[in-house]
Amino acid sequence: MPRGKRPPSTPALKVREMRRGDVPQVLVIEASSSATPWTRAMFLSELGRPGTIDLVADRGGDVLGYIMVSRYADVWHILNVVVRQAHRGQGIGGQLLEELFLRAAGKPHLGFTLEVRVSNAGAIHLYRRKGFVDHGIRPGYYSDNGEDALIMWRGGGPEDTF
Ligand SMILES: CC(C)(COP(=O)(O)OP(=O)(O)OC[C@H]1O[C@@H](n2cnc3c(N)ncnc32)[C@H](O)[C@@H]1OP(=O)(O)O)[C@@H](O)C(=O)NCCC(=O)NCCS
C-alpha cells in the first residue's frame, strides 16, 4: 500500500430519525423481511404524524434497520422493527430500541408495548433482554397464517393504563 494511504474504515453506525428519503431503502428491507410488508404509503403516513418515533440505523448512508413507533393513549406502540438480514445478530436491533427508550424518556408516558409472532424466538429474546415482559396472547392475530401474537410490555402495562 502506498505510504500515507489507509485502508478504508467502516463508517460508524448512527441511529437517527427516519426521513422520507430513506423510504426506498426501507421498502427493500421490508419486502424481504415481512410476510405482510408495509407499503410506501404506510411508511409515509406514519412519518408525517405527530406522536411518532421513527428511527433508522444508518451506516455511511446505508439503512441497516428501522423502527416505527407510535404513541396512543400515553403508551408507545412498537409497530415495526426490522434489521437487514445480513446484519442481524450484531446488536443493531438493540441499539434501535435503546435510542427509542432515550427519546421517549423526554415525555411522560406509561411504557411500551408490542405484538410479536409466538414463533419469533430471536425477537422475543431481544425484547426480554431489553426489559419487556409477556402480557398475554392475541389468538390468530396474524392474517397471513393465523399465528398467535405474544403481547409484551416494558414499563407500565395494561393494569396501569386505566
Ligand atoms: C428482531 C430483529 C429486529 C432483531 O435485530 P438484531 O439486530 O438481530 O438484534 P440484536 O443483534 O440487537 O439482538 C438479537 C438477540 O437475539 C438473539 N437471537 C437471534 N436469533 C435468535 C433465535 N433464533 N433464538 C434465540 N435468540 C436469538 C441474538 O443472539 C441476540 O441476543 P444476545 O445479544 O443476547 O446474544 C431482527 O432479527 C429482524 O429484523 N427480524 C425480522 C423482522 C422481525 O421479526 N421483527 C420483529 C417483529 S415483532
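Residues numbered from 1 in each chain as written. Predicted model: local features only at pLDDT ≥ 70, side-chain atom pairs only at ≥ 80, totals over all residues. Heavy atoms only, no water.

Tell me about the packing of helix 1 (residues 23–33) against helix 2 (residues 40–47), and name the residues and values.
At a minimum axis distance of 10 Å, the contact between helix 1 and helix 2 shows a crossing angle of 130°. Here helix 2 runs oblique to helix 1, going by the angle between their axes. For helix 1 against helix 2, the interelement crossing comes out right-handed. Across from V23, V26, L27 and E30 in helix 1, the residues of helix 2 making contact are R40, F43, L44 and L47. (Axes fitted to C-alpha atoms, helices over the stretch in contact; angles between N-to-C directions. Helix = DSSP H or I, 4+ residues; strand = E, 2+ residues; numbered from the N terminus. Parallel < 35°, antiparallel > 145°, perpendicular 65-115°, else oblique. Left-handed = near helix turned anticlockwise from the far one by under 90°. Contact = heavy atoms within 4.5 Å.)

Which residues make up the sheet that holds strand 5 (residues 112–117), and what are the values?
One open sheet accounts for seven strands, arranged 1-2-3-4-5-7-6; its pairing is mixed. In the strand order of this sheet, the two ends are held by strand 1 (13–17) and strand 6 (133–138), each with one partner. Taken pair by pair, the neighbouring strands of this sheet meet at an average axis angle of 25°, ignoring direction. Across eight bridges, the pairing between strand 2 (residues 52–59) and strand 3 (residues 62–72) is antiparallel. Paired with D54 across the two strands is M68, which belongs to strand 3. Against the sheet, helix 1 touches strand 2, strand 3 and strand 4 (75–83), its axis set at about 85° to strand 3. (Pairing = 2+ DSSP bridges.)

Lay out the pattern of salt bridges in plain terms, naming residues and giving numbers.
Taken as a whole and assessed by the stated rule, the structure comprises eleven salt bridges. A salt bridge links E147 to R117; the nearest nitrogen and oxygen atoms lie 3.5 Å apart. Of this pair, E147 sits in the loop between strand 6 and strand 7 (149–154) while R117 sits in strand 5, and the two are 30 residues apart along the sequence. Take E147 and R117: they sit in the same class, and that class is buried. Ionic pairing is found between R128 and D134, a salt bridge with its closest N-O pair at 2.7 Å. Through salt bridges that share partners, R16, D22 and D58 make up one connected network. (Salt bridge = Lys/Arg side-chain N within 4 Å of Asp/Glu carboxyl O. Buried < 20%, exposed > 50% of the residue type's maximum accessible area, 1.4 Å probe, protein only.)

I'd love a proper account of the pairing of strand 5, names of residues and values included.
For strand 5, the buried fraction is high: five of the six residues fall into the buried class. Relative to strand 5, strand 4 runs parallel, the two being bridged by two bridges. When the sheet's bridge partners are listed, W76 is paired in strand 5 with F112. Remark: the strand 4/helix 3 (residues 92–104)/strand 5 crossover connection has right-handed handedness. Direction of pairing for strand 5 relative to strand 7: antiparallel, over a ladder of six bridges. By the bridge assignment, V116 is partnered in strand 7 with L150. (Right-handed = clockwise from strand over helix to strand, strands pointing away.)

All quantities given are derived from atomic positions and should not be read as evidence of function.
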